There are 2 protein chains.
Amino acid sequence: MKVVKFGGSSLASGSQLQKVIKILQADPSRKVVITSAPGKRFEDDIKVTDLLIKYAKAVLAQKETAKITEDIWQRYQEIGDYFQIPAELLQPLKQELLNLSGQQFSSSDFLVASFKAHGEKLNAQLLTTILQKKGMPSQFLDPKEAGLIVTNDPHNAHVLPQTYSNLTDWQNREEILVVPGFYGITENNEIATFSRGGSDITGAIMAKGLAADIYENFTDVNAVYAVNPKLVANPVPIKSMTYRELRELSYTGFSVFHDEALIPTIEAKIPINVKNTNHPDFPGTLVVPEKDFKPQYTITGVASSNHFAAIYLHRYMLNKETGFTLKLLEIFYKYHISYEHMPSGIDDLTVIFDKDQFTDELKEKMCEEIKQTLKPDHLEWIDDYAIIMVVGEGMRNKIGVLKKIVEPLAQKNIAIHMINQGASRISIMLGTKQADAPKAVAQIYQNFFTEDK
Amino acid sequence: MKVVKFGGSSLASGSQLQKVIKILQADPSRKVVITSAPGKRFEDDIKVTDLLIKYAKAVLAQKETAKITEDIWQRYQEIGDYFQIPAELLQPLKQELLNLSGQQFSSSDFLVASFKAHGEKLNAQLLTTILQKKGMPSQFLDPKEAGLIVTNDPHNAHVLPQTYSNLTDWQNREEILVVPGFYGITENNEIATFSRGGSDITGAIMAKGLAADIYENFTDVNAVYAVNPKLVANPVPIKSMTYRELRELSYTGFSVFHDEALIPTIEAKIPINVKNTNHPDFPGTLVVPEKDFKPQYTITGVASSNHFAAIYLHRYMLNKETGFTLKLLEIFYKYHISYEHMPSGIDDLTVIFDKDQFTDELKEKMCEEIKQTLKPDHLEWIDDYAIIMVVGEGMRNKIGVLKKIVEPLAQKNIAIHMINQGASRISIMLGTKQADAPKAVAQIYQNFFTEDK
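Remember, it's a predicted structure, so these values are computed and weren't measured experimentally.

Draft legend 1. Layout of helix H3 (residues 66–82) of chain B. Residue and element names in this part refer to chain B. The end-to-end C-alpha distance of H3 is 24 Å, a good match for the 24 Å that 17 residues give at a rise of 1.5 Å each. At Gln 74, H3 shows its largest kink, close to 25°. When H3 is considered as a whole, its buried residues turn out to be Ile 68, Thr 69, Ile 72, Trp 73, Arg 75, Tyr 76, Ile 79 and Gly 80. Contacts from the buried residues of H3 go to helix H1 (14–26), helix H2 (48–60), helix H4 (87–99) and helix H5 (108–133). Two residues or fewer after H3 comes Gln 84, characterised by a positive phi angle close to 50°.

Set out below in structure tokens:
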């Protein structure tokens, strides 16, 4: 049995839904479908989720909502019309959308969460209606009915363990189950959403809970590529990779699959197949457990990110003080800042973190507290930092990988400001100036893939 | 004015002291002399400090001490005889040694400290007597009289700030001041020693407190070498290096100069000249502030150490937890373990530390607590770890250094298990298997020095 998730662009219009139906018809083992909200139909289009957030804000501000609900409904009406769905079958969906504004919620956050979730919910109901009209036995399955129970965080919920025993009731159904992605139900019976892009998470939970053989994740790319196609023309598509390779690459911007969605699939050892709704015959990228993986190349991919900044600290005889780093991390903890990496010299420490966590004010306040508490000889805030991740199961215990990474950078006069290898055994992390990163990524890619091919 | 410190082998015998006297006569600006205890005269010889520890233990165990005091005194008698010092001038020194056993101390630790310190103290008194006999105006200056005040740690004392105002009274003396190294006086008026090799520290404190122009540190090597001469034949002697280069190299076993002794010299910006008592005309190695330094080579030195072990931790989504490392360091802190480095991946963390801190029992206990508290998916204790430090002010902002380091290792099939660059800006740290380290160090040395020369 296959669980199949479709992204927003795959469900953005009638013609896209037509492709989805063909994909389901092509393989009768595709028994569980996870929907996203209708995405963009063209570059400047607005995603339904964003329209729903606008709707929620208007309700909270007690403003007029007729125009925005009309805009939202238009998206579903258009899809319904494409498949000639009778008005009496669409009317209940429209009513559900309009009724949202009159409902009571325990907080504004839960109101927004519930509004957002209806992008997926209405789309799942609509898809069920369409499948039934096509003569394909199918059933809409709401997370509430399914028992997909989540924590009480309206916009960043996490699945609770009882979900998996609840889901066993839904295994081995004859009809296709159509499940809206992105949200679950709290123990207080309210809708709470996963973080943005969370339909991937619903798919993974369903794949685990319903014991799927494979989890197909349909998007609008042919495969995950070894390098960003914006940096290198026609890069090698990754045929197969491990969960943790995907995770390491996601870290620096491979955004094909949601981080958290990996957890249920890893727990249940279910392979993920990233495929293209527009070219369903392409093999796509298969993400598998380590034990099922044979690396084809030394490295699987390389990516960079500009999301990071660093604090550099120097203090003489720093490494003789047992409590120095502890005090530093206590300050980070106090300000709710999570750090990513902490390369250290003998008298030096660099802390690298996601810079989106900081406002200018917070930055100043925290640096001041570090100076007061730890009295470093020197403290420097480094903003111009790009992190490059070179990832590959194939580099484990292979000699000369580092040479092949740093060689082309030296030739192209790119300075390496940080390098961190040895913690993760399947990746090497480098720091460069942001301006150097795209060239560095391209050079590293070329040095491995033109030779390995 | 020069402060001059002589190591134990330079003061081990009459013929060695003869060289010391010539060194002092050759340069009248050598006005302050720091003594060590008599060291080894030949390979299997026993250092006087070790004999004194034996003496202290015999007293504590209320055992017979006649034989051991005779062995100790014999060393001083031999030197006295070499310079034909009359018996009545030696007798008070012998009496001081014998009287030690009858004195009261506040604890066994302070007893041992005081016994140990007499190796240096008696040698300084003896040297003063010899210099006076040679017609060189000189005065024995005990740390007590000088006001060298230290913390209340019997075997690991640290200088207290009032020392430096006390020492101003002793600036610009006509006669040579002979100061015993290795110890100071606590605020309770007891002798406490620095950590082993601490005569270097006394010299540095004196150099700062007496406002020396240079601190000459006489040992038995011609210079600090760019690599251990046991690994590479005839390595390049380092003519000049910075304080922090010396510090980084000391970290992995360049044992020419005591770590802590650098602090006063850095504070007072006094250059250190490491010289050979046996070849005083050789220029030796000059250790200078960064601002006075022009690198001659890209790297200054390379060294390795087997003192380290590591704990490897893997846990999925580790980097999303703000408190993970904090909890880990709290455990380290609780067990009084200081860590050295902590390279991290996304879901991995390696903690590297000095393995001498662990007993088998402590290791097991701490690993168990880490498992209980942090519940890692995987914990591994890595014993076979060598750390290689490549150090050089000349590598700052220089492109291609990393390439030159990893290139020869790849060619020689040496696997790099860890690499850490970016915290300290003048060093790169690598981890290899211990068996690979000597070859790796030699290869790195060859790749930089045969080309740079």
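So that's the structure; there's more coming.
Draft legend 2. Molecular detail of the interface of chain A and chain B. At the junction of the two partners, chain A supplies 59 residues and chain B supplies 59 residues. At the boundary of chain A and chain B, one finds 2 salt bridges. We note a salt bridge from Asp347(A) to Arg247(B), for which the minimum N-O separation is 2.8 Å. Taken together, the connections running from chain A to chain B amount to 8 residue pairs in polar contact (both at pLDDT 80 or more). Elements that contribute at least two residues to the side of chain A that touches chain B include exactly helix H9 (243–251), helix H10 (262–268), helix H11 (324–334), strand E14 (339–341), strand E15 (348–354), strand E16 (378–382), helix H13 (401–411) and strand E18 (418–421) of chain A. If you tally residues by element for the side of chain A that touches chain B, the top one is H13(A), at 6 residues. Broken down by class, the residue content of the side of chain A that touches chain B amounts to 30 nonpolar, 16 polar and 13 charged.

Draft legend 3. Structural detail: the environment of Glu393(A). Residue and element names in this part refer to chain A. As for its placement among the helices and strands, Glu 393 is situated in the loop between strand E17 (386–391) and H13. Taking the C-alpha atoms as reference, Glu 393 lies 8.0 Å from Arg 425; in sequence the two are 32 residues apart. Those residues within four positions of Glu 393 in sequence are excluded, and the remaining contacts are Thr 242, Arg 244, Glu 245, Glu 290, Phe 293, Pro 295, Thr 300 and Ile 426. Looking at Glu 393, its side chain comes within polar contact range of the side chain of Thr 242, at 2.7 Å. Within the local environment of Glu 393, its side chain forms a polar contact with the side chain of Arg 244, the two groups lying 2.7 Å apart.

Draft legend 4. Representation of the domain arrangement of chain A. If you check the domain split of chain A, you get domain 1 (2–220) and domain 2 (307–382). Just the C-alpha atoms count here: the centres of domain 1 of chain A and domain 2 of chain A sit 43 Å apart.

Draft legend 5. Representation of the sheet that holds strand E5 (residues 176–180) of chain A in the model. All names here are of chain A. Read across the open sheet, the 8 strands follow the order E3-E5-E2-E1-E8-E10-E11-E9; overall the sheet is mixed. Two strands close off the open sheet at either side, each with one partner strand: strand E3 (138–140) and strand E9 (240–242). Taken over all neighbouring pairs, the strand axes of this sheet differ in orientation by 20° on average, direction set aside. Of the strand pairs in this sheet, strand E1 (residues 2–6) and strand E2 (residues 30–35) are connected by 4 bridges, and their pairing is parallel. Residue pairing in the sheet places Lys 5 in a bridge with Ile 34 of E2. Packed onto the sheet, helix H5 (residues 108–133) meets E2, E3 and E5 and runs at close to 160° relative to E5.

Draft legend 6. Structural context of the relation of the copies chain A and chain B. With an RMSD of 0.1 Å, chain A superimposes on chain B once it is rotated by 180° and translated 0.0 Å along the axis. Such values leave the two copies arranged in the relation of a two-fold axis. The rotation axis passes nearest to the C-alpha of Asn420(A) in chain A, at a distance of 2.6 Å. Most of the interface of chain A is mirrored in chain B, where 100% of its interface residues again form contacts.

What counts and how
- Residues numbered from 1 in each chain as written.
- Chains lettered and ligands numbered in written order.
- Predicted model: local features only at pLDDT ≥ 70, side-chain atom pairs only at ≥ 80, totals over all residues.
- Heavy atoms only, no water.
- Helix = DSSP H or I, 4+ residues; strand = E, 2+ residues; numbered from the N terminus.
- Expected span 1.5 Å × (residues − 1).
- Bend = angle between axes of the 7 residues up to and from the residue.
- Buried < 20%, exposed > 50% of the residue type's maximum accessible area, 1.4 Å probe, protein only.
- Contact = heavy atoms within 4.5 Å.
- Salt bridge = Lys/Arg side-chain N within 4 Å of Asp/Glu carboxyl O.
- Polar contact = N/O pair within 3.5 Å; in protein donor to acceptor, adjacent residues only side chain to side chain.
- Nonpolar A, V, L, I, M, F, W, Y, C, P; charged D, E, K, R; others polar.
- Domains from an automatic or database assignment.
- Pairing = 2+ DSSP bridges.
- Axes fitted to C-alpha atoms, helices over the stretch in contact; angles between N-to-C directions.
- Least-squares fit on C-alpha atoms with pLDDT ≥ 70 in both.

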